[in-house]
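This is what each chain is made of:
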Amino acid sequence: MVKLSVIVPFFNVQTYAPDTLRSLRANAREDFEFLLVDDCSTDGTPRLLRRAADEIPGAVLLRHEVNGGLATARNTGLAAARGEYIAFLDGDDWLAPGHYARLVARTEALGCDFVRTDHVRADGRTRTVRRVPHGPHGVVSDPRAAILPAHRTTSVDYAFAWAGLYHRRLLDRGLLHFTDGLRTAEDRPWIWRLHREAESFATLGLLSHFYRRGVATSLTRIGDVRRLDFLRAFDQVIAETAADRDADALLPKAVRTYCAVIAHHLGALDACEPAVARELKSRGAAALGRLPQRLLDEALDAMDVTRATRVRRLRRRPVAAKGASAA
């Protein structure tokens, strides 16, 4: 019986993969498996993974012939997973020794569908503790109730799939798969669905997962069209929340979050290629037009002046006719 399946996508991370792989070795156990998904890397990553598959107990190498992005790579791992519990790890992050043994033991003791964990953000040599915005630790709660209130940061805003552990029954219910092809914000519809549909969760104060920031190949640092997948991701959040039995209560939170993320991207236009910046404005204006306008008004009224001004200016932008190219 496999107790834990850890799904680890890799794409062109030869500089960082050795740290990740060493930390997996330090977490190996006879009933753990590590599903190493090579998403068609073109650097030295495949060589590192082939060696790791031979040397790390429980390591299994899976390879994509075509790059599909993080969501698709995670789905490949989910299809192969045999564990009672599922965890995710990105190919440029790392763990303290014994992280997974502690995580599994504490989750089993709680008996809930999933747990969310604190983590350590690593930006160069700087380390910052990041907490799950829900508490107290170690108390089983209703995931649906943790979506709200709309005006505060809540558990759905802490959308890191790797910051937690998930029981296999969620996989069997179809709640752990990601929207295929999403390259950014893939965690957003995923975490919203999890909180709407799962029955129980808890938070843990483990600080043994290290999240590496400032990676040059990360899509948060790349200005091409892949960044715009956040629009697809949040359109999905809005559509699925609108169909929920508690849509009247939950939609204000979804709309506020969407507006905040649009404002963030508008504030980072200088990092985008010019054509991508134009497309962001065009598609962003269309997305705002699709939102419930009363809730959009309320969300903008609740924003700080700088961000609200950005979004209001975009809202006034004429939306191109369907099939027309972005201006």
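Residues numbered from 1 in each chain as written. Predicted model: local features only at pLDDT ≥ 70, side-chain atom pairs only at ≥ 80, totals over all residues. Heavy atoms only, no water.

- For the chain, an unreviewed UniProt entry supplies the name Glycosyl transferase and the organism Streptomyces griseus subsp. griseus.

## Thoughts on the UniProt feature "domain: Glycosyltransferase 2-like" (unreviewed entry) in the chain
Phase 1 of the analysis: Feature annotation in UniProt assigns "domain: Glycosyltransferase 2-like" (unreviewed entry) to the following positions: residues 5-148.
Phase 2 of the analysis: A helix fraction of 30% and a strand fraction of 26% characterise residues 5-148, whose end C-alpha atoms lie 31 Å from each other. (UniProt positions renumbered as here; feature names shortened; annotations may be inferred. Helix = DSSP H or I, 4+ residues; strand = E, 2+ residues; numbered from the N terminus.)

## Here's the deal with the packing of aromatic side chains
How two aromatic rings sit relative to each other is set out by the distance from centre to centre and by the angle between their planes.
Phase 1 of the analysis: Scanning all chains against the criterion turns up 13 aromatic pairs.
Phase 2 of the analysis: With centroids separated by 5.1 Å and ring planes inclined at 5°, the aromatic side chains of tryptophan 94 and phenylalanine 210 adopt a geometry described as stacked. Within this pair, whereas tryptophan 94 is found in strand S5 (residues 94-95), its partner phenylalanine 210 is found in strand S11 (residues 209-213), the two being separated by 116 residues in sequence.
Phase 3 of the analysis: Residue classification places phenylalanine 210 among the buried positions, given a relative accessible area of 18%.
Phase 4 of the analysis: Each ring, one from phenylalanine 234 and one from tyrosine 258, has its centre 5.2 Å from the other, and the planes form 20°; the classification is stacked. Placement of the pair is phenylalanine 234 in helix H7 (residues 229-242) and tyrosine 258 in helix H8 (residues 247-266), with a sequence separation of 24 residues.
Phase 5 of the analysis: Given a relative accessible area of 2%, phenylalanine 234 falls into the buried group.
Phase 6 of the analysis: Each member of the aromatic cluster is reached from another via a ring pair, and the members are Phe88, Phe114, Tyr166, Phe178, Trp190 and Phe201. (Phe/Tyr/Trp six-rings, centres within 6.5 Å; stacked < 30°, edge-to-face > 60°. Buried < 20%, exposed > 50% of the residue type's maximum accessible area, 1.4 Å probe, protein only.)

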